[in-house]
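Each chain, written out:
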Amino acid sequence: MQRGLDFIRDIWGLPLKYDPYKYGYYFSEPVGKFPMVPISEAELVSVFVAQKALSQYHGTPFERPLKTAFEKLVSSLKGEISVAWADLDSAISFRGIETNAGDMEVMQKLGEAIRKRNEIEFEYFKLGEIRMVNDEVTNGEAGEHPVGGQMRRVRPYHLACVGNQWYLFGYDLMRRDMRKFVPARMRRLAVRPTRFERPKYFSIDKLLKGSFGVFSGNELVQIRIWFGRSRAQLIRERKWHHSQKIKELGKGEIELSLELSSFAEIVPWILSWGEHARVVSPPELVREVANVVKELGRVYG
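Just so it is clear, the structure is predicted and the values come from calculations on it, not from any experiment.

Is there a simple way to explain the packing of aromatic side chains in this structure?
Geometrically, a pair of aromatic rings is defined through the distance of the ring centres and the angle of the planes. Summed over the entire model, instances satisfying the criterion amount to 13 aromatic pairs. Measuring from centroid to centroid gives 5.9 Å for F227 and W269, while their planes differ by 65 degrees, and the two rings are edge-to-face. In this pair, F227 is assigned in strand β10 (residues 221–227) and W269 in helix α8 (residues 266–271), connecting sequence segments 42 residues apart. Of the two residues, F227 and W269, both sit in the buried class. One aromatic cluster in this structure is built from F212, F227, W240, W269 and W273. The positively charged end of R238 is found above the aromatic ring belonging to W240, 4.2 Å away from the centroid. Lying across the ring of W226, R278 places its NZ or CZ 4.7 Å from the centre.

Here you go:
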C-alpha cells in the first residue's frame, strides 16, 4: 500500500497528502485526470480499427460502452498524440450483415438477464414453423404477424455472434437440456425475477467444439474436400476452422481436411463453391451433399 501511495505522489506527481485526523490520504488540489499508460500511434490506430469493426453491431447493448471506452481513450491523449482520423475513416471500413435495429430491445433484455442471472420467458419461432397471417387485432396493429411459436423458459448463459448472427445459449427448463436461440426469432420476451447460478462447467468453447459454426454433435469426424485450381487460393488465404489442414495435390488443386461433429453447416458451405468443390470423404457426407444437389436439380427443373 505504501509503495502504491509513494508512486502516486513521487512518480505521477499528484498532490497526495495525509490527514492525521481522518487517518487517510487525500488530494490537496483538484485532479483533472490520472496519467494514462503510454500508447503509441500504431496501438491507437489498432483500437480505431477494432472500433470500426464493431460498428456493425450498432443497436446492440455493447455499442454504448464500447463507444464510451474508445472516446475516453482518445480524449486522454489530446495534445500528446496526433492521428489523422479523417484519413483513417476513409481508408478503413467493414461490411457485414448488420443487426436489425428492431431487435435492440431484445438484445438489451438478454444482456441484462445474463449479467444479473435472471431466468427469461419468451415465445420462440423455429425455422420452418413460422406462418405469417394478416391480423388487425394482434398487438393492436394491422399487418402481418408471425404465428405458430412455442413458449420457452430459459436460464440464459451466453450471447455469441457467430457468422454475423447472434445466438443465445442457455438451459431450457422445459426440455431440460442446453439449447441455442436466435434473438430475432423471439417474441414477448420477459425477464423473470427468478435467479439462478450458471454452472461452473459451462464453456462456450467446449459447447461449440467440433462445429463449423454453432451446430455440434458427439463424435468428431474427419472431412476431406477437394478444391479446384480456380478456388484453391481462396481457401489457402483464410483460416476456416481451427482443425483445418491443407494438402497440395499438384496442378494448383488442394484437399482441405476438417474435424467436425456435425454436417449441418458444412453442407451449404461446400455447395456455395459450386463445381469447384467436391466432398472426398466420409461417404455419408458425400451422400448428403449429393441428395441436396439432386433436390436442387428437381427445383430448377
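What is the right way to look at the sheet that holds strand β12 (residues 253–260) in this model?
Pairing is antiparallel in the open sheet, where four strands are placed in the order β11-β12-β10-β13. At either margin of the open sheet sits one strand with a lone partner, and together these are β11 (245–250) and β13 (277–281). Mean inter-strand twist for the sheet, computed between neighbouring axes without regard to direction, equals 25 degrees. The sheet contacts of helix α7 (residues 229–236) involve β10, β11 and β12, and relative to β12 the element is tilted by about 45 degrees. Its contacts with the sheet place helix α9 (residues 283–299) against β10 and β13, and it is angled at close to 145 degrees to β13.

Is there a simple way to explain a nonpolar patch on the surface in this structure?
On the surface, F7, I11 and W12 cluster together into a nonpolar patch covering about 310 Å² of accessible area. Residue position: I11 is located in helix α1 (residues 2–11).

It is not clear to me how the nonpolar core should be interpreted in this structure. Could you clarify?
In summary, soluble globular proteins display a tendency toward joint burial of nonpolar side chains. L110, I120, F122, L168 and M186 are the most contacted members of the largest nonpolar core, which has 25 residues in total. Taken together, the elements giving at least two residues each to this core come down to α5 (104–116), β3 (118–124), β6 (150–162), β7 (165–172) and β9 (186–195). Of all the elements, α5 adds the most residues to this core, at five residues. For I120, the contacting residues outside a window of four places in its chain are L110, A113, R152, R153, V154, P156, L168, L189, A190, V191 and R192. If you look at the next biggest cluster of nonpolar residues, it comprises 21 residues, including F212, I254, W269 and W273.

What is the right way to read the side chain of E255 from this model?
Examined against the element boundaries, E255 turns out to sit in strand β12. With relative accessibility at 10%, the residue E255 sits in the buried group. Within the structure, the side chain of E255 is placed 3.0 Å from the side chain of R224, a separation counted as a polar contact.

Whenever I open this one, the sheet that holds β6 confuses me. Can you help?
Note on sheets: strands pair through backbone hydrogen bonds, and any given pair is parallel or antiparallel. Here we have five strands laid out as an open sheet, ordered β8-β7-β6-β3-β9, and antiparallel in their pairing. At either margin of the open sheet sits one strand with a lone partner, and together these are β8 (177–181) and β9. Each adjacent strand pair in this sheet contributes to an overall mean axis angle of 40 degrees, direction not counted.

I tried to follow the pattern of salt bridges on my own but got confused; where do I start?
One side chain can pair with another of opposite charge once the charged atoms of both are near each other. The full count for this structure, using the stated rule, is 13 salt bridges. E112 is the salt-bridge partner of K116, the closest N and O atoms lying 3.1 Å from each other. Taken together, the residues K116 and E112, both in helix α5 and four residues apart, mark about one turn of the helix. A residue is classified by how much of its surface remains accessible, and E112, at 35% relative accessible area, is partly exposed. Between R224 and E255 there is a salt bridge, and its shortest N-O distance comes to 3.0 Å. Of this pair, R224 sits in strand β10 while E255 is found in strand β12, placing the two residues 31 residues apart along the sequence. A relative accessible area of 28% means that R224 is categorised as partly exposed. Residues joined in a network through salt bridges with shared partners are D6, R9 and D10.

Definitions and cut-offs
Within each chain, residue numbers correspond to sequence positions counted from 1 in written order. Local features in this predicted model are restricted to residues of pLDDT 70 or higher, and side-chain atom pairs are both shown and tallied only at a pLDDT of 80 or more, whereas totals for entire chains, interfaces and linings draw on every residue. Where side-chain values are given, they derive from all heavy atoms of the structure, hydrogens and water being excluded. Pairing of aromatic rings covers Phe, Tyr and Trp, the last counted by its six-membered ring, and requires centre-to-centre distances within 6.5 Å; plane angles under 30 degrees mean stacked, over 60 mean edge-to-face, and any other angle means tilted. By the criteria applied, helices consist of DSSP H or I runs no shorter than four residues and strands consist of E runs no shorter than two, each listed in order from the N terminus. Per-residue accessibility, obtained with a 1.4 Å probe over protein chains only, is compared with the maximum for each type, and a residue is labelled buried under 20%, exposed over 50%, and partly exposed between these values. By definition, being over a ring means that NZ of Lys or CZ of Arg is both within 6 Å of the ring centre and within 35 degrees of the ring normal. When DSSP finds two or more bridges between two strands, those strands count as paired. Axes here refer to lines fitted to C-alpha atoms; in helices the fit is confined to the stretch in contact. Angles between the N-to-C directions go from 0 to 180 degrees. Throughout, a contact is declared for two residues whenever any of their heavy atoms are within 4.5 Å. Surface patches are drawn from residues lacking salt bridges whose relative accessible area is over 30%; two like charges belong together within 9 Å, two nonpolar side chains (Val, Leu, Ile, Met, Phe, Trp, Tyr) within 5 Å. Each accessible area is a Shrake-Rupley result for a 1.4 Å probe, and residues are judged covered by the shown protein chains and nothing else. For this analysis, a salt bridge means a side-chain nitrogen from Lys or Arg found within 4 Å of a carboxyl oxygen belonging to Asp or Glu. As used in this record, nonpolar core signifies buried Ala, Val, Leu, Ile, Met, Phe, Trp, Tyr and Cys residues forming a set joined through side-chain atoms within 4.5 Å. Contacts described as polar in this section are N or O atom pairs within 3.5 Å, which, within protein, must combine one atom able to donate a hydrogen with one able to accept it, while residues neighboring in sequence count only if both atoms come from side chains.

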